[in-house]
Amino acid sequence: MAFEGLADRLQSTIKKITGKGKVSEQDVKEMTREVRLALLEADVNFKVVKDLIKRIKERAVGQEVMESLTPGQQVIKVVKEELTALMGGEQSKIAVSDRPPTVIMMVGLQGAGKTTTSGKLANHLRKKHNRSPLLVACDVYRPAAIKQLETLGEQLSMPVFSQGTEANPVDIATEALAKAKEEHNDYVIIDTAGRLHVDTDLMDELEQIKAKVKPDEIFLVVDAMTGQDAVNVAESFNEQLDITGVVLTKLDGDTRGGAALSIKAVTDKPIKFAGMGEKLDELEAFHPERMASRILGMGDVLSLIEKAQENVNEKQVKELEEKMRTMSFTFDDFLEQMGQVRKMGPLDDLISMLPGANKVKGLKNAQLDEKQISQVEAIIQSMTKQERQEPEVINASRKKRIAKGSGTTVSQVNRLLKQFSEMKKMMKQMTNMQKGKKGKGMNFPFM
Amino acid sequence: MGFMDKLKSKFKQNKETEEVSEKYKDGMKKTRNTFSSKINDLIARYRSVDEDFFEELEEVLITADVGVMTVMDLIEELKMEVKRRNIKDTREVKDVISEKLVEIYYGDDDQEIEELNLQENDLTVILVVGVNGVGKTTSIGKLANQLKEDGKNVVLAAGDTFRAGAIEQLEVWGERAGVDVIKQSAGSDPAAVIFDGIRAAKSRNADVLICDTAGRLQNKVNLMNELAKVKRVIEREIPGAPHEVLLVLDATTGQNALSQAKTFSEATNVTGIVLTKLDGTAKGGIVLAIRNELNIPVKFVGLGEKVEDLQKFDANAFVYGLFADLMDTEQ
């Protein structure tokens, strides 16, 4: 398949080797070629790939891999470590100025997602850091860009400073700063117009704004789907503005996100945040280690746990774990979980964070939308207590009754029952894995 | 006469083509410089055609965001061709490279499908789709302007009811072009807006209805279903419509553009591509990949911010723009 992820590519490559007891130099050569192609296909910049492959080759040919009992796993480990190193150390924090307000400038190409990210960042600062930001509309070029920021401000009940499209962006930014001091806003987020890195006039404008407002942070907003050019864009913006960090957007798409790998390597500026969805709370701190895992299909258990902790209390988690382990997970628990999951975000997001989830048949397509979730709730609520505890007793006539009661069809009831039993199986496999056993029929090369 | 000379002579035929070509040459200056200077550099460095040479060539093509599959095919073909013609000198291989690349650009398509499928005496419905931030609304604004100047009666439907400010953005373009914009309030059902748009276009005897839609990432199943529904509404109201489904792609996008083209095609049967932001990128390679792997024609390219910078895709001019340097250095 042409569109499989980097993880699948690497896994199928490794599979060729794993059966073998020993890895020859020829094997390593063949494998690094595959890794190289996979990385290039993932839009990782070719210069970065070259360096990376060189290091992987050295380590792979060395004792580390050749003498290992599980060369395949060892190679993945090496690749993952190198990828993580490439993306830089742990995530960086957002600056706080000693003399408020702290000024953040958002810059980038057209359509990267600056305005949306400005809104998300403001929301993040208020929610996670208890700050009161002022949004500043400096995009006077794109039609309705100011309106867009104002609407976001309304949705968030946050102030937006704008002076229409006739004003000069440099003046708007300067006056916004004075306004923020007056109103005691401790953060100022300046949304600028999208521009090409080769457009000298508009790049000069950014330099002028920078000189006037002396920002504490300049975030370059980059579309995660960007191809080989990501590096040139990041390099130009960095050279001219000395950016302090990068925000990667649209990372919730199916892009392999190679741009993330390259930007840090080339600019040496950290990726601080990642845009993970269209809602205004879907901005996450960027974790290089987790991102490497995610690209490699090793799941993002850490993020999942963090998300869960935000929404679920610990006692509930322990109970759930116990239920998963003993297979006594019922539709009642499912109903309860669904309520909590709904708070966490889209189901497919969560599923994609589970290790090996992309390998489990049926789960890949188990995407539920919000409407479907309501239907599922209705179906479960139409079950008797016994049915919820022991779904095995649900026969044809019971199905008919449930469908009628929930305003759905028998096939929908069937689908839910099937999904539920698949989920139970998956849970069993996962809990088995935690105990050190391997799930039957599933291969987790990283576990 | 060499192959490139033939291509070149095509552009000397009349002044009009020359002007178009100049526009491409200008707009794609960066694309061309990077791409062909790299090939030239490669040829200068290697004297003989060997494995290392092909490996580096592979890299140059991949760096131009040409799809990895396409590159692999191309390299295979090149290797065979080099063997067949018994080429040893890298300078001779240049001609073969250009030839093969051009072959992919032209594909089996005739020029006809690069034209918009406009109905003669009836309403033409154009549905515009794509991921977030590629330039759908801007492209619609430019397209409406051009169609209006061609004497068409155009109506726009503001089907992006999700993104903040999207409706207002389309309205500004509508004002600029002097065409009507059919809208509902933000958050309303896009299919209903499009339905209204069709009714309005019919009652106003419009020639063209262009439907804007919200940007969506192609892996969001619900949102893709929503798009399929919009298309069904159009089909139901006007048999044979939409006459065009244009997928807007950002030229800076990497390999993911292929996934976009594939998934959007599955949901809405894409008939053509609008390739935006081609003026700022060092790439153009993704066009090669899409034509080779999915056989969807490019109908428009965005070469700048101005209304007239949305150009009908001209494969000849595009190839000329891409290879102008290769041709010049041959002399």
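Along each chain, residue indices are assigned from 1 in the same order as the chain's sequence is written. All chains are assigned letters beginning at A, and all ligands numbers beginning at 1, according to the order in which they are written. Per-residue local features are limited, in this predicted model, to residues with pLDDT of at least 70; the limit for side-chain atom pairs, both in listing and counting, is 80 or more; totals at the level of whole chains, interfaces and linings are taken over all residues.

Section: the overall build of chain B
The condition is simple: Strands are runs of DSSP state E lasting at least two residues, helices are runs of H or I lasting at least four, and both sets are numbered from the N terminus onward. Burial is judged by counting other C-beta atoms within 10 Å of a residue's own C-beta: 20 or more means buried, 12 or fewer means exposed, and anything between counts as partly exposed, with every C-beta placed from the backbone. A pair of residues counts as a contact when their C-beta atoms, built from backbone coordinates, are within 7 Å of each other.
The helix and strand tally for chain B stands at 13 helices and eight strands. Relative to its full complement of 331 residues, chain B shows a buried share of 52%. In chain B, the proportion of contacts linking residues at least 24 apart, taken out of those at least 6 apart, comes to 78%.

Regarding the overall build of chain A
Across its full length, chain A carries 20 helices and eight strands. Out of the 447 residues in chain A, the part that is buried amounts to 44%. Considering only intrachain contacts with a sequence separation of at least 6, the fraction spanning at least 24 residues in chain A is 73%.

A look at the sheet that holds strand 7 (residues 271-275) of chain A
All names here are of chain A. To keep things clear, this is the line we draw: Being paired, for any two strands, means DSSP has found at least two bridges between them. The axes used here are C-alpha line fits, helices contributing only the stretch in contact, and every angle between their N-to-C directions lies in the interval 0 to 180 degrees.
Within the open sheet, the eight strands sit side by side as 3-2-4-1-5-6-7-8. Their pairing is mixed. Only two strands of the sheet have a single neighbouring strand rather than two, namely strand 3 (160-161) and strand 8 (283-285). Where strand 7 meets strand 8, three bridges bridge the pair, whose relative direction is antiparallel. Its bridge partner lying in strand 8, Phe-273 is registered against Ala-285. Contacts from helix 8 (residues 169-183) reach strand 1 (102-108), strand 2 (133-137), strand 3 and strand 4 (187-191) within the one sheet, and its direction differs from that of strand 2 by about 160°.

Details of the nonpolar core
Formally: By definition, a nonpolar core groups buried Ala, Val, Leu, Ile, Met, Phe, Trp, Tyr and Cys residues that connect through C-beta atoms lying within 7 Å of each other.
With 167 residues, the main nonpolar core has Val-136, Val-188, Ile-190 and Val-222 of chain A together with Leu-156, Leu-209 and Ile-210 of chain B as its most contacted residues. For this core, the element with the most residues is helix 2 (residues 25-41) of chain A, which contributes six residues. Discounting residues that sit within four places of it in the chain, Leu-156 of chain B has contacts with Ile-140, Ala-144, Leu-170, Gly-174, Val-179, Val-181, Ile-182, Ile-210 and Asp-212 of chain B. Counting residues in hydrophobic clusters, the runner-up holds nine residues, among them Phe-331, Phe-334, Val-376 and Ile-379 of chain A.

With respect to helix 11 (residues 256-268) of chain B
The α-helix advances 3.6 residues per turn, and as a result positions three or four apart in sequence lie on the same side. Residues and elements named next belong to chain B. We apply this condition: By definition here, a helix of n residues has an expected span of 1.5 Å times n minus one.
Counted at 1.5 Å a residue, the expected span for helix 11 with its 13 residues is 18 Å, and the 18 Å between its end C-alpha atoms agrees. Residues Asn-256, Ala-257, Leu-258, Ser-259, Gln-260, Ala-261, Thr-263, Phe-264, Ala-267 and Thr-268 constitute the buried set of helix 11. On the buried face of helix 11, the contacting elements are strand 1 (124-129), helix 10 (221-237), strand 5 (244-250) and helix 12 (285-293). A positive backbone phi angle near 55° is found at Asn-269, which sits one or two residues after helix 11.

A closer look at the environment of Val-198 of chain A
Position of Val-198 of chain A among the secondary structure elements: in the loop between strand 4 and helix 9 (200-213). Assessed through the 16 C-beta atoms surrounding it within 10 Å, Val-198 of chain A is described here as partly exposed.

Structural notes on the interface of chain B and chain A
Spelled out, the test is: Lys, Arg, Asp and Glu make up the charged group, whereas Ala, Val, Leu, Ile, Met, Phe, Trp, Tyr, Cys and Pro make up the nonpolar group; the residues left over, Gly among them, are polar.
Of the residues lining the interface, 37 residues belong to chain B; the matching set on chain A comes to 36 residues. Partitioned by chemical class, the residues of the side of chain B that touches chain A number eleven nonpolar, 17 polar and nine charged.

So, the confidence of the model for chain B
Should the pLDDT be low somewhere, the predicted coordinates at that spot are not to be read in detail. Operational definition: Note on scores: pLDDT gives the predictor's confidence for each residue, bounded by 0 and 100.
When pLDDT is averaged along chain B, the result is 82, and 80% of the positions lie at 70 or above. For this predicted complex, the interface score ipTM comes out at 0.80, while the overall pTM is 0.74.

Points about the UniProt feature "domain: SRP54-type proteins GTP-binding" (unreviewed entry) in chain A
Here is the rule we go by: UniProt positions are given in the numbering used here, feature names are shortened, and annotations may be inferred rather than shown by experiment.
Listed under "domain: SRP54-type proteins GTP-binding" (unreviewed entry) in the UniProt record, and renumbered for this structure, are residues 270-283 of chain A. Helix and strand shares over residues 270-283 of chain A are 0% and 43% respectively, and the end C-alpha atoms of the span are 16 Å apart.

Topic: the sheet that holds strand 7 (residues 298-302) of chain B
Residue and element names in this part refer to chain B. Pairing is mixed across the open sheet formed by eight strands, whose spatial order is 3-2-4-1-5-6-7-8. Two strands lie at the open edges of the sheet, namely strand 3 (180-182) and strand 8 (310-312), each paired on one side alone. Averaged over neighbouring strand pairs, the angle between their axes works out to 25° when direction is ignored. Direction of pairing for strand 2 (residues 154-159) relative to strand 3: parallel, over a ladder of three bridges.

Looking at the UniProt feature "domain: SRP54-type proteins GTP-binding" (unreviewed entry) in chain B
Feature annotation in UniProt assigns "domain: SRP54-type proteins GTP-binding" (unreviewed entry) to the following positions: residues 297-310 of chain B. Secondary structure within residues 297-310 of chain B divides into 0% helix and 43% strand; the distance between the first and last C-alpha atoms comes to 16 Å.

Topic: the packing of helix 2 of chain A against helix 3 (residues 46-61) of chain A
Residues and elements named next belong to chain A. For the record, the criterion: When describing relative orientation, an angle under 35 degrees is termed roughly parallel and one over 145 degrees roughly antiparallel, while 65 to 115 degrees is termed roughly perpendicular and anything else oblique. In a left-handed crossing the near helix is turned counterclockwise from the far helix by less than a right angle, and in a right-handed crossing that turn is clockwise.
Direction vectors running N to C along helix 2 and helix 3 enclose 155°, while the axes themselves pass 10 Å from each other. Here helix 3 runs roughly antiparallel to helix 2, going by the angle between their axes. The handedness of the crossing between helix 2 and helix 3 is right-handed. Residues Glu-25, Val-28, Thr-32, Val-35, Arg-36, Leu-39 and Leu-40 of helix 2 pack against Phe-46, Val-49, Leu-52, Ile-53, Ile-56, Lys-57, Ala-60 and Val-61 of helix 3. A breakdown of the residues in the contact of helix 2 with helix 3 according to their chemical character gives eleven nonpolar, one polar and three charged.

Re the packing of helix 10 (residues 230-241) of chain A against helix 11 (residues 258-267) of chain A
Residues and elements named next belong to chain A. The contact between helix 10 and helix 11 brings their axes to 9 Å, and the two run at 35°. Along this stretch, helix 10 crosses helix 11, giving a crossing that reads as right-handed. Residues Ala-230, Val-231, Ala-234, Glu-235 and Asn-238 of helix 10 form the contact with helix 11, whose own contacting residues are Ala-259, Ser-262, Ile-263, Val-266 and Thr-267. Split into classes, the residues belonging to the contact of helix 10 with helix 11 amount to six nonpolar, three polar and one charged.

Describing the pairing of strand 2 of chain A
Residue and element names in this part refer to chain A. Defined as follows: Think of it like this: strands point away, you trace from the first strand over the helix to the second, and a clockwise trace means the crossover is right-handed.
Where burial is concerned, most of strand 2 is hidden: five out of the five residues are buried. Residues of strand 2 alternate between two faces, with Pro-133, Leu-135 and Ala-137 on one and Leu-134 and Val-136 on the opposite face, all of them buried. Pairing of strand 2 with strand 4 involves five bridges; the strand directions are parallel. Residue pairing across strands places Leu-134 opposite Val-188, the latter belonging to strand 4. Where strand 2 and strand 3 come together, two bridges link them in parallel fashion. Looking at the pairing, Val-136 lines up with Phe-161 of strand 3. Handedness of the crossover joining strand 2 and strand 3 through helix 7 (residues 145-156) is recorded here as right-handed.

Points about the confidence of the model for chain A
Residue and element names in this part refer to chain A. In this model, chain A carries an average pLDDT of 79, and 73% of its residues clear a pLDDT of 70 or more. In the model, residues 1-5 has pLDDT below 50 throughout and makes nine contacts with residues more than four positions away in sequence or in other chains. Low pLDDT, under 50, characterises residues 436-447; the predicted model gives this stretch 22 contacts beyond four residues in sequence or across chains.

A few points about the environment of Glu-387 of chain A
All names here are of chain A. Tracing the backbone shows Glu-387 in helix 18 (residues 385-389). A residue is classified by how many C-beta atoms lie within 10 Å of it, and Glu-387, with 19 of them, is partly exposed. Sequence separation between Glu-387 and Leu-283 is 104 residues, and the spatial gap between their C-alpha atoms is 40 Å. Those residues within four positions of Glu-387 in sequence are excluded, and the remaining contacts are Val-393, Ile-394 and Arg-398.

With respect to the environment of Val-154 of chain B
Residues and elements named next belong to chain B. Mapping Val-154 onto the fold places it in strand 2. Val-154 gets classed as buried once you count the C-beta atoms within 10 Å, which come to 25. With residues near it in sequence (within four places) discarded, Val-154 still touches Ala-144, Leu-147, Lys-148, Val-179, Ala-206, Asp-207, Val-208 and Ile-210.

Here's the deal with unusual backbone geometry
In this structure, Pro-101 of chain A follows Pro-100 of chain A across a cis peptide bond, with omega equal to 0°. Relative to the helices and strands, Pro-101 of chain A is located in the loop between helix 5 (71-86) and strand 1. In this chain, Ala-241 of chain B is followed by Pro-242 of chain B through a cis amide linkage whose omega measures -5°. By the element assignment, Pro-242 of chain B lies in the loop between helix 10 and strand 5. Within the chain, His-184 of chain A stands out as a residue other than glycine whose phi angle is a positive 60°. For His-184 of chain A, a count of 10 C-beta atoms within 10 Å corresponds to the exposed category. For Asn-86 of chain B, which is not a glycine, the phi torsion comes out positive at approximately 55°. Take Asn-86 of chain B: it is sitting in the loop between helix 5 (68-84) and helix 6 (90-106).

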